[in-house]
Amino acid sequence: MVSKRKFFSIAIMMFVLFFLFQFSMVLRDSKNTYDINSSLTEKKADGENQWTPSDSNSTTVIGADSSVVFVGNEDGDMGTAVSRWCTYAKRKLISCKSVSTYKADDKNLPEMMILESEKYADGDNLTTLEILEKKGVIIVFGCLENAKNIQNNKALMKFLGIQKVVAEETHLTGVKLFEGLLLGGEVTYNTSKDKEEKKRQDLELDVPWYQVGSGTKTYMVGLLDEKTGKNVENEDLPTIIWRNGIDYGSVFAVVGDYMKDSTALGLLDGMRAEALSYTIYPIVNAQNLSMVNFPVFADENNTEMLKLYSQSVTGIARDIMWPALISVVEKSDMKMTCFIQPQADYTDDIEPKSGNLEFYLKQMKEQSAEAGISLEYQKLDKAEDKVTKDTEFFENEKINYRFGAAFAKEKDLKGILKDTDSGLLGDVGTLVCDYTENQPVVSYYSDSVTLQTVTSDGMNYAYSDDIRMRSIQTALGYTNVMLDMYDIFWPQEKTDRWEVMQKRFSSNLLTYWKNFRDFDSTTLSESNARIRRFLNLAYSQSREDNTITLQTSEVGSWFILRTHGEEIDEIDGGSQTEIEADAYLICAEDTTVKIRLKEQELYYDTRKN
Amino acid sequence: MLMSTLVILRFTGIFAAYTGITVLLPEIMFRRILKGRRLSEQFLMSYTFGNFYIINIVFALQLLHISNFLTLTAVTVLMSILIGLKVNRISLRRKLAEGKKIFCRLSDGSLGIRSAVGKLVRWIADVCRCLAEIFYKYIVKKPIQNMFILLILGAMFWIYGRQIILAYGYRASDIPVHLSWINQMSRGKIFSKGVYPFGFHCMIYYLHTVFRIDTYVILCEFFFAQAIYLHAVLLAMLKLLCKTKYLPYIGVFTYIVGNFWAGQTYSRFYSTLPQEYGMIFVIPSVYFLIRFFQIHKENLKDRETRRILQCFAMAFSLTLAIHFYGTMIAGLCCIGIAMGFCFRFVKKEYFCRIMVTGILSVALAVLPMAIAFAGGTPLQGSLGWGMSVINGTQNNTSDTANTSSDNKVKVTGEDGKTVEIDVSKLPSAKKDETTVVVEQKKPSLGDRIRTVTDKIKVISDKIKDMPNRLSKVVRTMSIRIRNIVIPVDWQKMGTAVMAAYAGLLSLGLVFCAFRKTEYGAALMSVGFCMLILTVLLCAGPFGLPTLMDAARCSIYYAYLLPVAGVVLADGILCFMTIPQIFRNSKNVLSLGISVIILIVLLQKDLVKNPEFSSGYVTNGAITCLTNIIRDNEDETWTIVSANDETQMGLDHGWHYETITFLRQLEKIDENTKILIPTKNIYFFIEKIPLDYSVSYAGSGQSISKKGASQILPNVGGIRMYQGENRWIVMSRMYYWVQAFMKKYPNEMKVYYEDDQFICYRIPQNMYHQYNFAIDYGYNQVETEEQEAEQ
């Protein structure tokens, strides 16, 4: 028999336990301002202020000595890539059809001359290049195209540091990128025997075999298969990216198409860093994770989903996918931006379910994530219906969430722009589109809207994607990884299953991005603010003894400082984080930042005596 | 951290470790035996045993090929415990039982933690009390003597100690050789270059292995510990031999600071060398032998006699185990002591004991070497030479050296004229042989009688000439002492020293006559020792076999000379105070004399002012090496240098000879590859190259283009790094670095630079290494066309 007294004690204890467990949840729920987008910044038409090369006469911007000469087809892939890099690196671009058409002015020598291929360095042009190189101009051969021509031109071979052309074409099993040129450390892209891994290999593997001589520094080499490469020493492997040092100057050479897309951005910054005693350049500093077409609210394609998962679409999204996503995101320390797709097929009668939106918004708030809107759809009677119907849905949900980011396919971007002035998309300050080389990585799409292209697909990640990702990280400290859920809800192949995609996505995200955790994780609206600051800023820098003085037009802008063995001792007007050896992330908290580098000193020293 | 702070800390560590194992450990092990003895004797006994103990542990473990940190520590600790228990008559079983009992009581709770802590505290308090008593007895109660000790220590630091702080490198060219031998011991190879007295190496190896101090650091700094003990044993023996209190201190002080000693008599004390380490044990050998002869016949069967003889055996064996020359001096001193105590030496009881002990001590020292020799290890070069000196084959070698290649032999006639004879023309000469066989006719009886008569005449003439010859001998000795040992302006210095020896002998006889036989014999022993050493010093002029060159002999001679001086002064004071009324004034007089000598030394500017430098390694090089070892993981770096970093950094990284590097660069073509497969590569360059014991007309000049344009030295051994060759090598290396820097300005960086030295560092990608074969303007580069033409 339980006495009254004991019964009372047990009841009190149960009540206390109940209170302790529940009050925190109640408190958290009541304080969750889920319908406020805390990442959102006011939309401004500041695109007209963005930095352009013509600003180079400004006193705050680096002077004319920071021009870059591109020799080749300026409208070609490499020309476009170089032009975008110049915009990001705040350099004036001078494009020429040939070396001879460039009139060198000793007083205003370019910092760098990029040649589209070696064919621009024939005859007298090579002499001009040698003269420029001696004067301190960094020469970059963007793509060595014809091995035969190079072999026949001994002077060019010497200039490039090529000791021998072993073969005009050889087959590689992979490539090895050494640390130093790009951020992220050393990496080997070797074709694995594993089927899944084998699919990643998409690099250019049939290349000329150049053997470089003494005085060169190699950044990327090709790997040979076990039989071919049995007797080949590492130093004799086909060289893909290297530098030839001549009288304190540098000549860079690239074999393959690495300079013909966004990969060029980081490579060019890396080359500057390798050629100069130190470099400091602006970056965005934003790591984004875009969950496209998620969450969904309409139980479309339910038959298929029930067959595969024994759950409805909304059930899968809420009970299977969402917990798994949170787990991956927490492990990767990244912030999500979820692009909501209320429904995919607007022609069927299946309408989005109400009630789920509040749940997701609360969850996102707790995860510091942001909700964006996906402008993708499967079927639609009229293009305008999408926005109208989505607006209806959100109105019915009685939630006043202001969407700052929207996702659309690149082809649909132009049509969407007009909708961003008012209505559901009225607050959208940034558009996100899938990976494309037709658009810059980050740019102003209009004066008030920025465009952030996806840099990597989290599910289908190949080796070339990784090199590009590292390169963009090096140049901009920026990434935008996309996970498109559309294929999960509308599967076409066997691999379009959540368990398969989750495995791929989590392994890719946790493996390839782990070296970039020193950059800030942002939602796309936060990233939008940083991109605007980055694109608008002008900066200049100078060094006196061990002090680097950085002047920037934008407070809160970010920079990367790269040195050669020198470490930061003290920083005034900013803060710093070491990303990796010889690379520092600088935040300009003031318009003038003074960075003092440590005096080279030994732990045990005699000279203090 | 300042490098000087580091070297001081390192030296403190080395000195503490060495003192701990050679003085404190035996002091604890033998505390029952040592109790009641004078502190000096305690020190001599424990120090001798400590060194003997450690060296022989290393020998045993090395010969068994099981020597490492664990075995060395385990054997040292276990043996020490066992010996300590045995000597101090402590029952191990009882101690273990007591320990077990305490443990059981602690575990079952009958002994509380508080009680146990209380017991521990009481024990610590007892130890502290004991230490306080020792402090009171030896420090507080003897203020004047401690003042003198402080003075001596101060002088030691001033004269020798400063070298550690001012010049980090070593000052003897043969240290790298010893370093290499010790490094080989770490790899289980004792006697790596042949059988050699390895006592010194065993001790350094022990300090390196057990206390984890780099061998090169010990070899750069241990000399000061050696010097301290060298003077400490001298002071201890003088304290034991003298009857006055203060003269020993001033004697040692004078020896340390006096600027009248010839430079070579103390210059080697700045280097950690086996000879100087072995020298420490000459004094204990001498002391324990004198001490033995001072024992009365009726006490010979006592344990004390055995202990003294054991100590003598250990000390004498140490001299042989460490360095051959120390044994020579100790042996000659033993003869001198035997002469001083001849009245006891000739007695069977003494003679048998000392002979057996002597043979045993030699056997003890030779045993490890004999085992190795029997195992097929050949004698090391210098030991082979030593053996040839003993066997007398050394002279033969030099005789054959007189034979020139054209078969001519130099023959010195009675009149002193040298005549060359072509032995190939002699009838007995065979092809390619230089042996001269002269056949002699048998003399007739008349000739024989004539010869005998002539000989008698010669002998009688010699006897008549004896006084003249004696004075000539004394004069030669005096000149030799003044020229080689004490080169002062005062012409009569040598004569004064000789007179002092005569005084010692006479005074000894006087004391014997006064029935103070032991003291008198000790004085005579010192006198005889010094006379015998004087003969050794003058072996050349006397036409005797030169067992030891005069310069080397002078080191020992100068070291023992203060013994003679102090003992003589002590004898004179004792003699003066024989009358009862003066007996108590002995110490006052000795203090007075000491103070006067001190004042004279300081007032007359007789304090020496030695140079502090290393002609073999720059401070910069040692600083860099220390930092490189600290900054990098082991085996991940290479030093390209002309120094001895091969052996210095052997346990940590790699070394590339500068000359090898430059020779590889000398003639290159497009296919030449010079790779150095480590993550970091350091290039050591002397901006003002050292002479490395060979000076030349341009000594002290900076590296230059002129130097680099000279032909690269094509000589073997160390000669390419000596004199002008070093200047050329360094110049070449510097301009190679400059050329390489033009290609890799951001990679090749200055790691350290001072006025004399510069070090460059280049990190490299281990997967794709730099090819160091470049055209640097002073080498020959062949292009494909040139190759094709050839």
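All residue numbers here refer to positions counted from 1 along the written sequence of the relevant chain. Key to labels: chains lettered from A, ligands numbered from 1, both in the order written. Local features in this predicted model are restricted to residues whose pLDDT is 70 or higher, and side-chain atom pairs enter the listing and the counts only when it is 80 or higher, whereas totals over whole chains, interfaces and linings include all residues. Note that the side-chain values use all heavy atoms of the structure and ignore hydrogens as well as water.

**Digging into the side chain of B:Asp754**
Residue and element names in this part refer to chain B.
Here is step 1: The numbering of helices and of strands both runs from the N terminus, where a helix is a DSSP run of H or I of at least 4 residues and a strand a run of E of at least 2. Inspection of the secondary structure assignment puts Asp-754 in the loop between β7 (749-753) and β8 (757-763).
Here is step 2: Salt bridges are absent for the buried Asp-754, whose nearest opposite-charge side chain, Lys-687, sits at 5.9 Å.
Here is step 3: A polar contact of 2.8 Å, which involves the side chain of Asp-754, links it to the side chain of Tyr-752.
Here is step 4: For the purposes of these results, a polar contact is taken to be a pair of N or O atoms within 3.5 Å, where, inside protein, one atom must be able to donate a hydrogen and its partner to accept one; residues adjacent in sequence count only when each atom of the pair is a side-chain atom. There is a polar contact of 2.6 Å between the side chain of Asp-754 and the backbone nitrogen of Phe-757. With a 1.4 Å probe rolled over the protein chains alone, any residue whose accessible area is under 20% of its type maximum counts as buried; one over 50% counts as exposed, and the rest are partly exposed. His residues and chain termini do not enter the charge count, which takes Lys and Arg as positive and Asp and Glu as negative. Salt bridge, as used here, is a side-chain nitrogen of Lys or Arg placed within 4 Å of a carboxyl oxygen of Asp or Glu.

**Regarding the pattern of salt bridges**
Here is step 1: Going through the model one piece at a time under the given rule, you end up with 43 salt bridges over all chains.
Here is step 2: Between B:Glu276 and B:Arg268 there is a salt bridge, and its shortest N-O distance comes to 3.1 Å.
Here is step 3: Owing to a relative accessible area of 22%, B:Arg268 belongs among the partly exposed residues under this scheme.
Here is step 4: Salt-bridge contacts for B:Glu304 lead to B:Arg291; the nearest nitrogen and oxygen are separated by 3.4 Å. Linking B:Glu304 in helix α14 (residues 303-322) with B:Arg291 in helix α13 (residues 282-293), this pair joins segments that are 13 residues apart in sequence.
Here is step 5: Among the charged side chains, a salt-bridge network with shared partners connects A:Lys217, A:Arg243, A:Glu274 and B:Glu747.

**A closer look at empty space enclosed by the protein**
Here is step 1: A 1.4 Å probe that fits into a set of points on a 1 Å grid over the protein atoms alone but cannot get out defines a cavity; an open set with protein on both sides within 12 Å along at least five of seven lines defines a pocket, and lining residues are those with an atom within 4 Å of a point. Grid points are joined across faces, edges and corners, and a volume is the space filled by probe spheres set on the points. Here the structure, examined in full by the defined rule, presents nine cavities of 30 Å³ or more.
Here is step 2: Sorting elements by how many residues they give to the lining of the largest cavity places strand β9 (residues 216-223) of chain A first, with three residues.
Here is step 3: Any residue that is not Ala, Val, Leu, Ile, Met, Phe, Trp, Tyr, Cys, Pro, Asp, Glu, Lys or Arg is counted as polar, Gly included; the first ten are nonpolar and the last four charged. Here the residues of the lining of the largest cavity sort into four nonpolar, nine polar and four charged.
Here is step 4: Volume-wise, the second largest cavity comes out at about 70 Å³.
Here is step 5: Within the residue set of the lining of the second largest cavity, elements represented by two or more residues are α23 (517-537) and α25 (550-576) of chain B.

**Examining the layout of surface pockets**
Here is step 1: Taken as a whole, the largest pocket holds about 2,200 Å³ of empty space.
Here is step 2: Taken together, 49 residues make up the lining of the largest pocket; nearest its centre are B:Glu27, B:Leu39, B:Gln42, B:Ile134 and B:Tyr138.
Here is step 3: Taken together, the elements giving at least two residues each to the lining of the largest pocket come down to α1 (3-29), α2 (31-34), α3 (39-63), α6 (113-140), α7 (143-166), α10 (215-241) and α11 (247-257) of chain B.
Here is step 4: Considering every element that reaches the lining of the largest pocket, the biggest residue donor is α6(B), with 11 residues.
Here is step 5: In this structure, the second largest pocket occupies an estimated 1,600 Å³ of space.
Here is step 6: Considering the residues around the second largest pocket, the lining is formed by 49 residues, among which A:Gly565, A:Ala581, A:Asp582, B:Arg761 and B:Pro763 are closest to the centre.
Here is step 7: Where the lining of the second largest pocket is concerned, the elements lending two or more residues are β9, α7 (263-275), β26 (574-580) and β27 (583-588) of chain A together with β6 (680-686), β7 and β8 of chain B.
Here is step 8: For the lining of the second largest pocket, the per-class residue count stands at 16 nonpolar, 13 polar and 20 charged.

**Examining the interface of chain A and chain B**
Here is step 1: Should any heavy atoms of two residues lie within 4.5 Å, those residues are counted as being in contact. Contacts between chain A and chain B engage 36 residues on the former and 36 residues on the latter.
Here is step 2: Between chain A and chain B, roughly 3,300 Å² of surface is buried when both sides are summed, and carbon and sulfur atoms account for 48% of that area.
Here is step 3: In terms of surface lost to chain B, no three residues of chain A exceed A:Glu235, A:Tyr248 and A:Tyr604, which account for 23% of the buried area on that side.
Here is step 4: The interface formed by chain A and chain B includes four salt bridges.
Here is step 5: Residues A:Lys217 and B:Glu747 are paired through a salt bridge, measuring 2.9 Å at the closest nitrogen-oxygen approach.
Here is step 6: At the boundary of chain A with chain B, the tally comes to 23 residue pairs in polar contact (both at pLDDT 80 or more).
Here is step 7: Examining the composition of the side of chain A that touches chain B, we find that five residues originate from one element, β9(A), more than from any other.
Here is step 8: Along the lines of polarity and charge, the residues of the side of chain A that touches chain B split into 11 nonpolar, 11 polar and 14 charged. When two components associate, each loses some accessible surface as probed by a 1.4 Å sphere; the sum of these losses over both components is called the buried area.

**Remarks on the pairing of strand β12 (residues 279-283) of chain A**
Here is step 1: The buried fraction of β12(A) is high, at five of five residues.
Here is step 2: Burial along β12(A) is two-sided: the residues A:Thr279, A:Tyr281 and A:Ile283 and A:Ile280 and A:Pro282 are all buried.

**A look at the packing of aromatic side chains**
Here is step 1: Two aromatic rings from Phe, Tyr or Trp, using only the six-membered ring of Trp, form a pair when their centres are within 6.5 Å; if the ring planes differ by under 30 degrees the pair is stacked, by over 60 it is edge-to-face, and anything between is tilted. Under the definition given, this model contains 85 aromatic pairs over all chains.
Here is step 2: Relative to B:Tyr559, the ring of B:Tyr255 has its centre 5.9 Å away and its plane inclined at 50°; by these criteria the two rings are tilted. Of this pair, B:Tyr255 sits in helix α11 while B:Tyr559 sits in helix α25; the two residues are 304 residues apart in sequence, bridging distant segments of the chain.
Here is step 3: For B:Tyr255, a relative accessible area of 3% corresponds to the buried category.
Here is step 4: Three or more aromatic residues joined by ring pairs make a cluster, and in this case those are B:Phe11, B:Phe15, B:Tyr18, B:Phe43, B:Tyr47, B:Phe157, B:Phe200, B:Phe222, B:Phe224, B:Tyr229, B:Tyr277 and B:Phe281.
Here is step 5: A ring is considered to have a charge above it if a Lys NZ or an Arg CZ atom is located within 6 Å of its centre and within 35 degrees of its normal. The ring of A:Tyr603 is capped by B:Arg630, whose NZ or CZ atom sits 3.5 Å from the centre of that ring.

**Focus on the environment of A:Ser83**
Residue and element names in this part refer to chain A.
Here is step 1: When you line up the elements, Ser-83 lands in helix α2 (residues 77-89).
Here is step 2: Relative accessible area serves as the criterion here: at 31%, Ser-83 is assigned to the partly exposed category.
Here is step 3: Sequence separation between Ser-83 and Leu-308 is 225 residues; the distance between their C-alpha atoms is 48 Å.

**Things to note about helix α22 (residues 493-513) of chain B**
All names here are of chain B.
Here is step 1: Here α22 contains 21 residues, and its C-alpha end-to-end distance of 30 Å stays within 8% of the 30 Å for a straight helix at 1.5 Å per residue.
Here is step 2: Every buried residue belonging to α22 is among Met-493, Gly-494, Val-497, Met-498, Tyr-501, Leu-504, Leu-505, Leu-507, Gly-508 and Phe-511, and all of these are buried.
Here is step 3: Taken together, the buried residues of α22 touch α21 (466-485), α23 and α25.
Here is step 4: Once α22 finishes, Arg-515 follows within two positions and takes phi at roughly 65°, a positive value. Here the expected span of a helix is defined as 1.5 Å times the quantity of residues minus one.

**Here's the deal with the confidence of the model for chain B**
Here is step 1: Averaged over every residue, the pLDDT of chain B is 85; residues scoring 70 or more account for 91%.
Here is step 2: Overall fold confidence for the complex sits at a pTM of 0.83, while the interface term, ipTM, reaches 0.85. Per residue, pLDDT captures the predictor's confidence, and it can take any value from 0 to 100.

**Topic: the sheet that holds strand β10 (residues 239-246) of chain A**
Residues and elements named next belong to chain A.
Here is step 1: Any two strands are treated as partners once DSSP identifies two or more bridges connecting them. Here we have nine strands laid out as an open sheet, ordered β2-β1-β3-β4-β11-β10-β9-β6-β7, and mixed in their pairing. Two strands lie at the open edges of the sheet, namely β2 (92-96) and β7 (187-190), each paired on one side alone. Neighbour-to-neighbour, the strand axes of this sheet turn through a mean angle of 15°, independent of strand direction.
Here is step 2: Orientation is described by axes fitted as lines to C-alpha atoms, over the contacting stretch for helices, and by angles from 0 to 180 degrees between their N-to-C directions. Of the strands in this sheet, β1 (67-71), β2 and β3 (112-115) are in contact with α2, which crosses β1 at around 175°.
Here is step 3: Helix-sheet contacts for helix α13 (residues 463-476) involve β6 (174-177), β7 and β9, and the interaxial angle to β7 is about 160°.

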